[in-house]
Each structure stands twice: as structure tokens, then as C-alpha cells.
Amino acid sequence: MIASVPLDFAGLADALRRVTVEITDGDASRGSGVLWPRGFVVTNAHVARRSRLTVRPIDGDHLDACVVARDRDADLALLRVAGVDLPTAMIAETPARVGALVVAVGHPFGLSGALTAGIVHAIGPIARNGAPWIHADVRLAPGNSGGPLADVSGAIVGINAMVGGGLALALPISRVLDFVRSAGVAWP
Amino acid sequence: MDALLAISNELAGAVEHAARSVVEVNARRRFGSTGVHWRPGLIVTADHTVEVDEDITVTTPDGRTLAATVAGRDAAIDVAVLRVDAGDLPVAEITGEPARVGHIVLAVGRGPRASWGLVSAIGDGRRRRPETADWLSLDLTLYPGFSGGPLIDARGRVVGMTTSGAARHFQIAIPSGAADRTVEELMRRGRIPRPHLGVGTQTVRLSETLRERLRTDQRSAVIIVDVQPDSPAAAAGLMVGDVIVALGGARITEPGDLRAVLRPQQVGETVTLSVARGGEPREIPVTIGERARRA
């Protein structure tokens, strides 16, 4: 039954690219971000170092954005783009499972909307007694920071933040939601 | 994306299913390795990760620590069997169905942690040994601590035991069938016997005349250049100059073939050697011996 249905990684990539932006600071590409409802953009704190940046949706123009909240410890930042109607990412309703397929979209090495796929390797802390992270065996590069780690329905399960031991390390979406909520922004 | 989602759920389900029987093995200094609850009360792990003989423990998925003792081990096959009081720890679902090149497989480590990829080749590609002929070469990453863990299929059934062979960038799995036979032998004899014939040989080309007389199309065989005294070969009356063409029906075209066709289970059994002596074919029965071990 499974074999008769096309495995549409391309369609999945397209859907994710539409909700992933490139974050730039002047001419320099800093990383990626995920489109949130009402013109908000979620990314890593280490991507959004200045208070004013530009974001560029796939096939779109550079848009001015300002940082409305930043948490260096959580490595998360919330940006806002004013006055444009942008699509919004889907959020996974269940936590990631070890062994599940995941994909990441980002802007590594100046590539726009590059896709990489793998599985969830583990869910666990990266330091003793720390908060859990998603460890995934997808191949990330610096420009992926702040971009989405999604399940194969296209729903975001985490925000890619680091690479360690050959694995992608993503902040689980529950932690991202907590951060956004603490900044006074409700989902959706 | 429904098909992708179905596969994704299957893979996650497979890991969840297999992880119930996966334990952490604490038998070396740096960090633990992985083990599989293979048979009731028996944990299979990679021999090279068992660096101590005493004070071994295993940690179950629900966090219990159990004392373990070495029930048997074999360095050449890289399998160690540990005995534990397993209680209600589920036994792994093991399949003897051989994995095929191209199959999607997952390696599971304690935690659980998972890594996925393909069976890339059959055989370990390094040495020609009977023990490794059906080992699986894997196109996946065995992360630190994965050795000794299960290689599972997309249904969560154990198709092998993974090992990095104590070497980096070396990803193999001992297929379930071979691992199971090893467990069986270790439980029966406490060791894996190495079959022994007791001849030194060299490759020899078979002339067309000889091929016709032997009714074979093989181009080469091995000629005996040495018969060790008191060996199974000497007992069978093999002589220097005899040309071994086949052993138990399997072709012998080079010295490595002799080692490759002999199996541990054949120790003590009588097999037929097809030999050419003075150009004439002969069938010589020989009882396979066991190679003496270094102390």
C-alpha cells in the first residue's frame, strides 16, 4: 500500500520553504527563521543579534523586521514584520519520537531553501540534568540556525540551533511556544 | 505526504518496539555500550565492549540496574553473552529472515537512540573468514555507545547485532542467524571452536586434461605442501602433493576457501575431500578437528 503512493519529499520541501525565511543583517546572511502568525518570526537569539534586521521569504523581497523579544539562555528570538500578509507555519501537536522521519529547511552556505532529511536520533539533554533537546541525524550547516525541523506532515517539531557530534540539535517546539507565550504572543 | 507519514510512524514504532528489549551494558571504563535481551536471562552485546569480567551491570529501559556475569564470549565473532536476572524485561523479537542489500534498517542504542540507513553490502569486506562471510555492511552511523545494540527492520524486528568492531568508521552487523548460532554454541560448549584441518596449501592451476578427468570446470585448486603431524589431515592419510578440489561439495580454488567453508559446527564431523592424487580423482573422508587455543 505504501509503495503505491509517491513519497513526496519535494512537496514537503515546498510547503516548508514557504514558511521559512532567510534572516539577513545588511548584506550578510545570518540564518533562518520560521513564520509565526500575525507577522511574527521565530529564530535563534544567536541569529538575531541586532534589534533591526531584514527577513526574506522564499522568492520574496527583503522586509524590515524588529526584534520584540530575545532570550540568550534559551537561544530564541522573536521578530516582527509589519504590514505584510505572510503564510504561517504549522506546529506539531505531538512531541517528536525517536526514529521518526524529520526534515530541515534553511539557508546554509548561501543556498536558498535547502532541504535535508533524517530521523530523530534521541530526545535528551546535551548537558547533565539540562532541558531536553531533539537530536536528529540531519546534516545542518550554520545557515540552518533558526530554521525549522519538521515532521513529514510539514508540522514544526523544533527550531534548529546547533550541530554537535555530527547531529542536529533542535529546540523542541514546546520550549519555543513557552518562549513566545512569555513574550506575550499567543498561538495562533 | 501520507505515505511519508506512514513510513515515519512505522520507523518510530519500530524503534519503540525494539527499545523495550535494549539495555545499557556497563562493562568498560569510558561509557556504556548497548545490549539486546536475546533469550530469557541472556543479554547479547559486542565482545569488544566488555573490558572487565567482574562488576558488570546492565541498565534496563525503565532504569533498573541488574548485575550481570559473562556466560560466554568470542572475540573473533565479537559476541559476548551476559547472564542476568531479567525479571519481566521483554525478550527481543528476533527474525532469522536474512536482510537484503538495500533494506532500510535502524540501529538502536540505549536511551533509546536511533540511526537509520541501508544494508549496503553482505560480507564485511575486510577479511575472508567463515565468521564474517554473511555479515552486513551498513550505510548508517553507529554513534558512540551503539556497539552491541540491535539492528532492526522497519517492523522493529531484530535482524542483527551492530558493532563498530572497535574501529571508527566501520559499521557492520552480525546477522541474527549467525548471532543466534554463536549464542547456542557458547551456551553449549562455553566457547566457539575453530575448525582445523592441518594442511599447508598453495594455489595450483588445473590443466584442461585434469579438469576433464575431475569433471570440473574450475580453473584452480590448492596443492598440499605440508601435512602437520597428528592433525586431522594426517589421520585421514592426506599427503604432500595431493590437490584439494572440493571440501564437502564446496569448491576450493585458493587456500582462503579452506578456511571459508569450514564452520564451527563441523568440528568433530566427517566431511569428504575431493582430491586429485597422481592425476586420479579420490574422495577422502576427514574428521574436522579443533584448533588448539593459545592460553
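Up top is the structure these notes are about.
This write-up is about the structure you can find in this document. Given the structure is predicted, the values throughout are model-derived calculations rather than measurements.

### A few points about the overall build of chain A
1) Next: Looking only at helices and strands, chain A features two helices and 13 strands.
2) Next: Projected onto the principal axes, the alpha-carbon positions of chain A cover approximately 45 × 40 × 30 Å.
3) Next: In chain A, 16 positive and 16 negative side-chain charges are present, and the distance between their average locations comes to 6 Å.

### Let's talk about the overall build of chain B
1) Next: Helix and strand counts for chain B come out as five helices and 20 strands.
2) Next: Expressed as lengths along the three principal axes of its C-alpha atoms, the size of chain B is roughly 70 × 50 × 30 Å.
3) Next: Residues counted as buried form 52% of the 295 residues belonging to chain B.
4) Next: A fraction of 58% describes how many contacts in chain B between residues 6 or more apart in sequence connect residues 24 or more apart.
5) Next: In chain B, 36 side chains carry a positive charge and 36 a negative one; their mean positions are 4 Å apart.

### Section: the environment of Ser153 of chain A
1) Next: By the secondary structure assignment, Ser153 of chain A is in the loop between strand E11 (148-151) and strand E12 (155-164).
2) Next: Among the residues examined, Ser153 of chain A registers a relative accessible area of 28% and is labelled partly exposed.

### With respect to the packing of aromatic side chains
1) Next: Scanning the model with the defined rule gives one aromatic pair over all chains in all.
2) Next: In this arrangement the basic side chain of Arg175 of chain A is found over the ring face of Trp133 of chain A, its NZ or CZ atom lying 5.4 Å from the centre.
3) Next: The residue whose ring lies beneath Arg28 of chain B is Phe31 of chain B, and the NZ or CZ to ring-centre distance is 4.8 Å.

### What about the sheet that holds strand E3 (residues 42-46) of chain B?
All names here are of chain B.
1) Next: Reading around the circumference, E1-E2-E3-E6-E5-E4 is the order of the six strands in this closed barrel, with antiparallel pairing throughout. Going from strand to strand, the sheet's axes swing by 40 degrees on average, the running direction of each strand aside.
2) Next: In the sheet, strand E1 (residues 22-26) pairs with strand E4 (residues 56-59) via three bridges, with the strands oriented antiparallel. Within E4, the position partnered with Val25 by the bridge is Val58.
3) Next: Across the sheet, helix H2 (residues 176-189) touches strand E2 (33-39), E3, strand E5 (65-74) and strand E6 (79-84), and the angle it forms with E2 is around 75 degrees.

### A look at the interface of chain A and chain B
Many descriptions give the size of an interface as the accessible area lost when the pieces come together.
1) Next: Opposite the 24 residues of chain A that make contact, chain B presents 21 residues.
2) Next: Surface buried jointly by chain A and chain B totals about 1,900 Å² across both partners, of which 71% is contributed by carbon and sulfur atoms.
3) Next: Looking at the side of chain A facing chain B, the largest losses of area belong to Arg97, Leu101 and His121 of chain A, adding up to 29% of the total buried there.
4) Next: Applying the counting criterion to the chain A and chain B interface returns one salt bridge.
5) Next: When the shortest N-O distance is used, the salt bridge between Glu16 of chain B and Arg97 of chain A registers 3.4 Å.
6) Next: Taken together, the connections running from chain A to chain B amount to three residue pairs in polar contact (both at pLDDT 80 or more).

### What to know about helix H2 (residues 173-182) of chain A
Residue and element names in this part refer to chain A.
1) Next: All of the buried residues along H2 are Ile173, Val176, Leu177, Phe179 and Val180. Across the axial projection of H2, the buried residues extend over an arc of 160 degrees, all falling on one side.
2) Next: Looking at the buried residues of H2, the elements they touch are strand E3 (40-43), strand E5 (63-71), strand E6 (76-81), strand E7 (90-91), E12 and strand E13 (167-172).
3) Next: In the segment just after H2, Gly184 is the residue with positive phi, at about 85 degrees.

### Brief notes about the side chain of Ser115 of chain B
Residues and elements named next belong to chain B.
1) Next: Here Ser115 lies in strand E8 (residues 113-122).
2) Next: Owing to a relative accessible area of 0%, Ser115 belongs among the buried residues under this scheme.
3) Next: One polar contact links the side chain of Ser115 to the main-chain carbonyl oxygen of Thr141, over a distance of 2.6 Å.

### Observations concerning helix H1 (residues 9-17) of chain A
1) Next: All of the buried residues in H1 of chain A are Gly11, Leu12, Ala13 and Leu16 of chain A.
2) Next: Considering only its buried residues, H1 of chain A is in contact with strand E1 (20-25), strand E8 (101-106), strand E9 (114-124), E11 and E12 of chain A together with helix H1 (2-19) of chain B.

### Details of the sheet that holds E5 of chain A
Residues and elements named next belong to chain A.
1) Next: Overall, antiparallel pairing links the six strands, which are arranged E1-E2-E3-E6-E5-E4 in a closed barrel. Strand-to-strand, the axes of this sheet are offset by a mean angle of 40 degrees, without reference to chain direction.
2) Next: Bridge count between E3 and E6: four bridges; the pairing is antiparallel. Paired with Val41 across the bridge in E6 is Leu79.
3) Next: Packed on one face of the sheet, H2 meets E3, E5 and E6 and runs near 60 degrees to E6.

How each quantity is defined
- Throughout, a residue's number is its position along its own chain's written sequence, starting from 1.
- Working convention: letters from A go to chains and numbers from 1 go to ligands, in the order in which they are written.
- In keeping with the model being predicted, local features are shown solely for residues with a pLDDT of at least 70 and side-chain atom pairs are shown and tallied solely at 80 or more, while totals for entire chains, interfaces and linings include all residues.
- Hydrogens are left out, water is left out, and the side-chain values use all remaining heavy atoms of the structure.
- The numbering of helices and of strands both runs from the N terminus, where a helix is a DSSP run of H or I of at least 4 residues and a strand a run of E of at least 2.
- Positive charges come from Lys and Arg alone, negative charges from Asp and Glu alone, with His and the N- and C-terminal ends not counted.
- For charged residues, the charge sits on one atom: NZ in Lys, CZ in Arg, CG in Asp, CD in Glu.
- When a residue's accessible area, from a 1.4 Å probe over protein chains only, is under 20% of the maximum for its type it is buried; when over 50% it is exposed; and in between it is partly exposed.
- Note on contacts: a residue pair is in contact if any heavy atoms of the two residues lie within 4.5 Å.
- Pairing of aromatic side chains here covers Phe, Tyr and the six-membered ring of Trp, requires ring centres within 6.5 Å, and sorts the geometry by plane angle: under 30 degrees stacked, over 60 edge-to-face, intermediate tilted.
- Should the NZ of a Lys or the CZ of an Arg lie within 6 Å of a ring centre and within 35 degrees of the ring normal, that charge is described as sitting over the ring.
- For two strands to be treated as a pair, DSSP must find at least two bridges joining them.
- Note on method: axes are straight lines fitted to C-alpha atoms, helices fitted across the in-contact stretch only, with angles between N-to-C directions ranging 0 to 180 degrees.
- Buried area counts how much accessible surface, traced with a 1.4 Å probe, disappears from two parts once they are put together, with both parts' losses summed.
- By definition, a salt bridge exists where a carboxyl oxygen of Asp or Glu is found within 4 Å of a side-chain nitrogen of Lys or Arg.
- Two N or O atoms count as a polar contact when they lie within 3.5 Å, although within protein this holds only if one can serve as hydrogen donor and the other as acceptor, and sequence-adjacent residues are included solely when both atoms are side-chain atoms.
- Picture the helix axis, draw a direction to every C-beta atom, and the arc is the one those directions span.

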